[in-house]
Amino acid sequence: MHGERGSELGLSSDAGDTPAQRTRGTARTLIVLLGAALALAACSGDRFFGEHSSLMAVAPRPATPETQASPAALREHQRILAAYGGAYEDAKLEAQVGAEVDRLVAASERPDVPYKVTILNSSAVNAFALPTGQLYVTRGLLALASDTSELASVLSHEMAHVIARHASIREDQARQVSLNSRVVNDVLSDPQEGALALARSKMQLATFSRQQEFEADGIGVGIAARAGYDPFGAARFLTSMGRNADLRAGGSGTEVRSPDFLSSHPATPERVKNAQSSARQYSSPGAGERDRSAYLASLDGLVYGEDPVEGYARGRRFLHPKLGFTFTAPEGFSLDNTAQAVLGIKDGGNQALRLDAVRVPAEQTLTEYLGSGWIENVDTGSIEELMLGGLPAATASAKGDQWQFRLYAVRFNGEVYRFIFAAKTRTPEIERSFRDSVATFRRLSKSEAEKAKPLRIKIVTVRAGDTIEKLASRMALIDRQAERFRVLNGLEPGERLKTGEQVKIIVE
């Protein structure tokens, strides 16, 4: 949840919209917003070596001189920085990543292509490339990797997209789909046929992108192997990404979101199998460089999870030292903090919540705001004024086709904080849990704000007698510690620690 301006946190910057614009929301809009919350809470932007997801407005840091080659390249670079919280500055880590890129370029099919890599300040597990050779990797992905060969597999895969011109081809394909969409809307009179035609064109794009991913995997494994890295790093890292996705989804093995037919990323088991087959063409397992010690040394001190300026989610509790507030979600919820909102999910997606902030004129009461049309289908008879922890607030209910909503607006420090709770079935017990959660919204004390520190990766050496459970118990404020420790360190089920090896833990 970004702390620069409250108006940038909301579902929309509706304080300045016209009444007509504010009343465009419908029950469908509510469901879409809930769906976005569920998707973000489940996957938090994690992608499988693919291109970046939809972009969110966060103030980027200034571009570096290398990105100023052309106005178009600069614009795209700025959009990506905006989407991922700017660049993450860490000289030690930048040197590690840059050295691997240089080594991979020298071993690639196109050593003449200039590459520039940017580490993005995002906890999402993501990496992607632009046609210009600009590579991006998030600190969340770097935290998940465990040695130089795993990072090399990511970088070489993205370089392969550039070498094979996949990014350029995708842009052309996307433009064609957009053109097809206009033709469908303008020419076809039968809406059902038009929808089918558009769906077919999108499925063709998805199939092509799927093929690109497998092709880039093969090219990338070859580049990494020729550069002297262990070519099996790709299979290991893909496995870690799959386990990380399972962990974020609650261990169900599936992400809590609707199937995405435009997804360009094949299922992880398929990619692991293909990556292993490609690696066997170059060497047997155990050959090639992994250099776990050097890689882990570069990670020591890396910020883990949210950017400190956006507050912290600690289990069910969220606290934002900069904005000066905290709240606790209902029992059973897991929270995900994004630049635009705090999102929560429970029971595999049967309940959800969203907290954001907007600016509302001081002269407008909160009851007036709840009924002003920023979300439609509000039951006006349910609008009620109340006080929560000494703060002025208001509440109302709304109903969609599949979801029922409880809305709260709380005025605090010149902003209005909006809670949207959703449940497929709303019972008195669920209503009580929602109200009890909002009642925990309060001002942080000075000592609480001072004690709030970002989580960071710390590299420790396994000593005699250390177990996974023992080291995992040292992890600061992390749920499911043993599972997270295994995923973070790429440990296979049943694998034990070895005395003298180095591992990652999370500390404050």
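Analysis parameters
Residues numbered from 1 in each chain as written. Predicted model: local features only at pLDDT ≥ 70, side-chain atom pairs only at ≥ 80, totals over all residues. Heavy atoms only, no water. Helix = DSSP H or I, 4+ residues; strand = E, 2+ residues; numbered from the N terminus. Expected span 1.5 Å × (residues − 1). Buried < 20%, exposed > 50% of the residue type's maximum accessible area, 1.4 Å probe, protein only. Salt bridge = Lys/Arg side-chain N within 4 Å of Asp/Glu carboxyl O. Pairing = 2+ DSSP bridges. Contact = heavy atoms within 4.5 Å. Axes fitted to C-alpha atoms, helices over the stretch in contact; angles between N-to-C directions. Core = buried A, V, L, I, M, F, W, Y, C linked by side-chain atoms within 4.5 Å.

Trainee: For this particular structure, what's the right way to read helix 6 (residues 148-163)?
Mentor: Each α-helix winds once per 3.6 residues, and so residues spaced three or four apart point in a common direction. In this model, helix 6 (16 residues) spans 22 Å end to end at C-alpha, consistent with the 22 Å of a helix rising 1.5 Å per residue. Along helix 6, 16 of the 16 residues are buried, which leaves the element largely enclosed by surrounding structure. Arg165 sits one or two positions beyond helix 6 and adopts a positive phi of about 60°.

Trainee: So what exactly am I meant to see when it comes to the side chain of Ser437 here?
Mentor: Relative to the helices and strands, Ser437 is located in helix 13 (residues 428-438). Judged by relative accessible area, which is 2%, Ser437 ranks as buried.

Trainee: Please clarify how the pattern of salt bridges should be interpreted in this entry.
Mentor: Charged atoms that come close allow side chains of opposite charge to pair. Under the defined criterion, the tally for this structure stands at 23 salt bridges. Among the salt bridges present, the one from Arg271 reaches Asp217, with a minimum N-O distance of 2.6 Å. Here Arg271 is found in helix 10 (residues 268-280), whereas its partner Asp217 is found in helix 8 (residues 191-226), with 54 residues between them in sequence. Accessibility expressed as a relative area gives 0% for Arg271, which makes it buried. Linking Glu508 and Arg314 is a salt bridge whose minimum nitrogen-to-oxygen distance equals 4.0 Å. Note that Glu508 is positioned in the segment after strand 17 (502-507) and Arg314 in strand 5 (residues 312-314), a separation of 194 residues in sequence. If you follow the salt bridges from partner to partner, you end up with Asp147, Glu150, Asp230, Arg236 and Arg290 in one network.

Trainee: Is there a simple way to think about the pairing of strand 1 (residues 116-120) in this case?
Mentor: For a regular strand, side-chain orientation follows a simple rule: the groups alternate between the two sheet faces. Counting buried residues in strand 1 gives 4 out of 5 residues, a clear majority hidden from the surface. Examined bridge by bridge, strand 1 and strand 3 (residues 134-138) share 5 bridges and lie parallel to one another. In the sheet register, Ile119 faces strand 3, and the bridge partner there is Val137.

Trainee: Explain the sheet that holds strand 16 (residues 455-461) here, please?
Mentor: Sheet strands pair via backbone hydrogen bonds, and the direction of the pair is either parallel or antiparallel. Spatially, 3 strands are ordered 4-16-17 in an open sheet, and the strand pairing comes out antiparallel. Each edge of the open sheet carries a strand with a single partner, namely strand 4 (303-304) and strand 17. Direction of pairing for strand 4 relative to strand 16: antiparallel, over a ladder of 2 bridges. Its bridge partner being in strand 16, Tyr304 is matched across the sheet by Leu455. With respect to the sheet, helix 11 (residues 292-299) is in contact with strand 16 and strand 17, its orientation differing from that of strand 17 by roughly 15°.

Trainee: Which parts of the structure should I look at to understand the nonpolar core?
Mentor: Generally speaking, soluble globular proteins have nonpolar side chains that are buried together. In this structure, Leu104, Tyr115, Leu142 and Phe485 are the most contacted members of the largest nonpolar core, which totals 64 residues. Looking at this core, the element that brings in the most residues is helix 6, giving 8 residues. Residues contacting Tyr115, with those up to four places away along its chain left out, are Val101, Val105, Gly133, Leu135, Met159, Val162 and Ile163. Counting residues in each nonpolar core, the second largest holds 27 residues, with Leu391, Ala393, Phe419 and Phe441 among its members.

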